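A look at the structure
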Amino acid sequence: MDIVLDARNILNNTSKNILEAGRAHRSRPHITSLENGSISNLAPFGALIISIIFVIYFFIRFYLLEGYLLKKIYGKTYTSMSEIVRRGFVNHHIAGATKLTILIFAAYPFIDVAFGSSNLHSPFAGSKYVTQGDMLIVAAQALMAMYVFELFYRPKISPVSAGHHIGTIMVGQSAIAISLNWIHEKDATIEFILCTVWGAFDIVSEFLPHISIILYRVYPTRHNFLRKLFRLSALTTLTGTVAETIVTMWLFGTLWDRWTLAFKVVTPLLHVLFMSCQMWGSWNFYKMYKRQEQLLARQNGKGDVELASSKEADPESSETPKKADSIAISDAEVASTSQGSQENLTHTHPTTQQRTLC
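These figures come from a predicted structure and were not determined experimentally.

Of the regular secondary structure elements, the protein holds 11 helices and two strands. Listing every helix and strand of the protein by position from the N terminus yields α-α-α-α-α-α-α-α-α-α-α-β-β. Counting every position in the protein, which comprises 358 residues, the buried fraction comes to 47%. When the accessible area of the protein is evaluated, it comes to approximately 18,200 Å², of which 66% is carbon and sulfur surface.

Judged by nonpolar contacts, the single largest core of 31 residues is most densely connected at Leu120, Phe192, Ile193 and Trp259. Mapped onto this core, the elements with two or more residues apiece are helix H4 (83-114), helix H5 (132-153), helix H6 (159-179), helix H7 (188-205), helix H9 (223-254) and helix H10 (261-299). Among the elements that make up this core, the one with the highest residue count is H7 (nine residues). Beyond its immediate stretch of four places on either side in the chain, phenylalanine 192 contacts Ile39, Leu120, Leu136, Ile137, Ala140, Ala175 and Ile176. Core analysis: the next-biggest nonpolar cluster, separate from the first, contains 29 residues, Tyr57, Phe89, Leu143 and Met146 among them.

Among the structural elements, alanine 47 can be located in helix H2 (residues 46-74). Of the residues examined, alanine 47 reaches a relative accessible area of 57% and is grouped as exposed. Spatially, the C-alpha atom of alanine 47 lies 9.0 Å from that of glutamine 141, the residues being 94 residues apart in sequence.

Now for H2. With 29 residues, H2 extends just 36 Å between its outermost C-alpha atoms, more than 12% less than the 42 Å of an ideal straight helix rising 1.5 Å per residue. Here H2 has its buried residues at Gly46, Ile49, Ile50, Ile53, Tyr57, Arg61, Leu65, Glu66, Leu70 and Tyr74. The secondary structure elements touched by the buried residues of H2 are helix H3 (76-79), H4, H5, H6 and helix H8 (208-218). Just beyond H2, the residue with positive phi is glycine 75, at close to 60°.

One pass over the structure, following the stated rule, counts seven salt bridges. The residue glutamate 66 makes a salt bridge to arginine 86 at a minimum N-O spacing of 2.7 Å. Note that glutamate 66 is positioned in helix H2 and arginine 86 in helix H4, a separation of 20 residues in sequence. As far as burial versus exposure is concerned, glutamate 66 and arginine 86 are alike and both buried. Measuring nitrogen to oxygen at the nearest pair gives 2.6 Å for the salt bridge that ties glutamate 83 to arginine 86. Residue glutamate 83 and its partner arginine 86 are both found in helix H4; the two are separated by three residues, about one turn of the helix. Each of Arg61, Glu66, Glu83, Arg86 and Arg87 takes part in salt bridges that share partners, so that together they form one network.

So, on to the packing of H6 against H10. Interaxial distance between H6 and H10 falls to 10 Å at its minimum, and their mutual angle equals 145°. Along this stretch, H6 crosses H10, giving a crossing that reads as left-handed. Between H6 and H10, the residues in contact are Val160, Gly163, His164, Gly167, Thr168, Val171 and Ile178 and Phe263, Leu270, Leu273, Phe274, Cys277 and Trp280, respectively. Here the residues of the contact of H6 with H10 sort into nine nonpolar, four polar and no charged.

With 77% of its residues at a pLDDT of 70 or more, the protein shows a mean pLDDT of 80. This model gives residues 312-358 a pLDDT under 50, and the stretch forms 140 contacts once residues within four places in sequence are excluded.

End to end, H10 covers 58 Å across 39 residues, agreeing with the expected 57 Å (1.5 Å per residue, within 8%). Two residues or fewer past H10, glycine 301 is found with a positive phi of approximately 75°.

Turning next to unusual backbone geometry. We note that alanine 125 has phi near 50°; this positive angle belongs to a residue other than glycine. The residue alanine 125 is located in the loop between H4 and H5 in this model.

For serine 205, the position within the fold is in helix H7. Judged by relative accessible area, serine 205 falls into the buried class, the value being 9%. Among the polar contacts made by the side chain of serine 205, one reaches the main-chain carbonyl oxygen of phenylalanine 201 at a distance of 2.6 Å. In contact with serine 205, not counting residues within four places along its chain, are Thr236, Thr237 and Gly240.

What counts and what doesn't
Residues numbered from 1 in each chain as written. Predicted model: local features only at pLDDT ≥ 70, side-chain atom pairs only at ≥ 80, totals over all residues. Heavy atoms only, no water. Helix = DSSP H or I, 4+ residues; strand = E, 2+ residues; numbered from the N terminus. Buried < 20%, exposed > 50% of the residue type's maximum accessible area, 1.4 Å probe, protein only. Areas by Shrake-Rupley, 256 points an atom, 1.4 Å probe, with all protein chains shown as cover. Core = buried A, V, L, I, M, F, W, Y, C linked by side-chain atoms within 4.5 Å. Contact = heavy atoms within 4.5 Å. Expected span 1.5 Å × (residues − 1). Salt bridge = Lys/Arg side-chain N within 4 Å of Asp/Glu carboxyl O. Axes fitted to C-alpha atoms, helices over the stretch in contact; angles between N-to-C directions. Left-handed = near helix turned anticlockwise from the far one by under 90°. Nonpolar A, V, L, I, M, F, W, Y, C, P; charged D, E, K, R; others polar. pLDDT = per-residue confidence, 0-100. Polar contact = N/O pair within 3.5 Å; in protein donor to acceptor, adjacent residues only side chain to side chain.

Here's what the structure looks like:
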């Protein structure tokens with residue numbers, strides 16, 4: 001009888017341990033089970049990939065956008081822009097289109113590798129030649145090439161924007177570089193996946209700001225529409241930054257035992273840098289929202305007192321009361337957070353079409 005009871009106890013304890021182990025395994029993200037190894041067979045050709053992407057950006061910018069499409073779509077609105085404004089306008093189109101393309105082609109491999117059941121060498125959509133890692137490394141190079149393009153193309157760029165872009169480029173390229181020596185870099189694979197998580201949030205939460213700045217250029221006097229648009233942009237970038245912090249730090253914590261000391265120190269510092277840039281962008285969109293709210297109140301003849309008090313509180317704001325139909329805006333930095341960009345926007349009555357971007 002004692003032997004039977006002991007056997008039952010052993011079976012119960014074994015079953016309990018198996019169930020607990022299964023629950024613990026299921027509660028941990030799939031990334032924790034990824035073995036360290038190479039990212040893709042394309043990793044050694046990173047310089048060639050990004051060079052091809054630069055050439056594609058050139059053809060799209062020079063021949064498609066500047067040469068035909070933007071003139072066809074926006075007409076005089078585009079042709080009357082100053083050189084500084086025009087370059088920013090073109091850049092937002094390229095950045096927005098790039099992020100949308102990456103989202104379409106790289107969302108599936110990213111989700112399947114980071115949170116699903118695949119690894120970096122699993123076939124992409126049943127292909128015999130293309131792997132999930134191939135798609136992710138091309139997407140990463142396209143995103144970094146977009147930031148390099150902006151650094152060279154835009155005539156004016158803020159220190160916040162430059163820091164965000166340079167940091168993203170260096171971190172992303174470093175993750176790809178150390179994967180080439182993955183035998184001696186035990187955190188090469190998880191570092192690359194964590195970078196894709198950063199990039200995914202950058203694409204999703206910061207896509208709307210590109211659209212917002214484009215629409216601002218096209219409809220500068222539609223204050224009610226712009227007020228709602230800038231408010232939504234501020235909210236999406238803020239919630240995206242908060243969600244990004246939660247997810248990345250959760251993944252970083254679950255992988256704590258696999259990080260080397262250098263990454264244990266550097267990764268949180270880099271995230272604070274990126275987070276501060278994104279929060280700064282959210283703050284600037286909030287200020288743009290409040291500015292449009294003031295202009296709408298004035299347009300409706302109800303906000304003269306509020307606008308005057310706001311001007312006294314904000315010495316940087318410049319309102320020119322010389323003409324009843326002319327309102328000059330000199331907001332603090334207007335940031336497209338996907339770019340981390342910083343812009344001073346000034347517009348007057350549509351008859352003058354003066355718009356400057358600092």
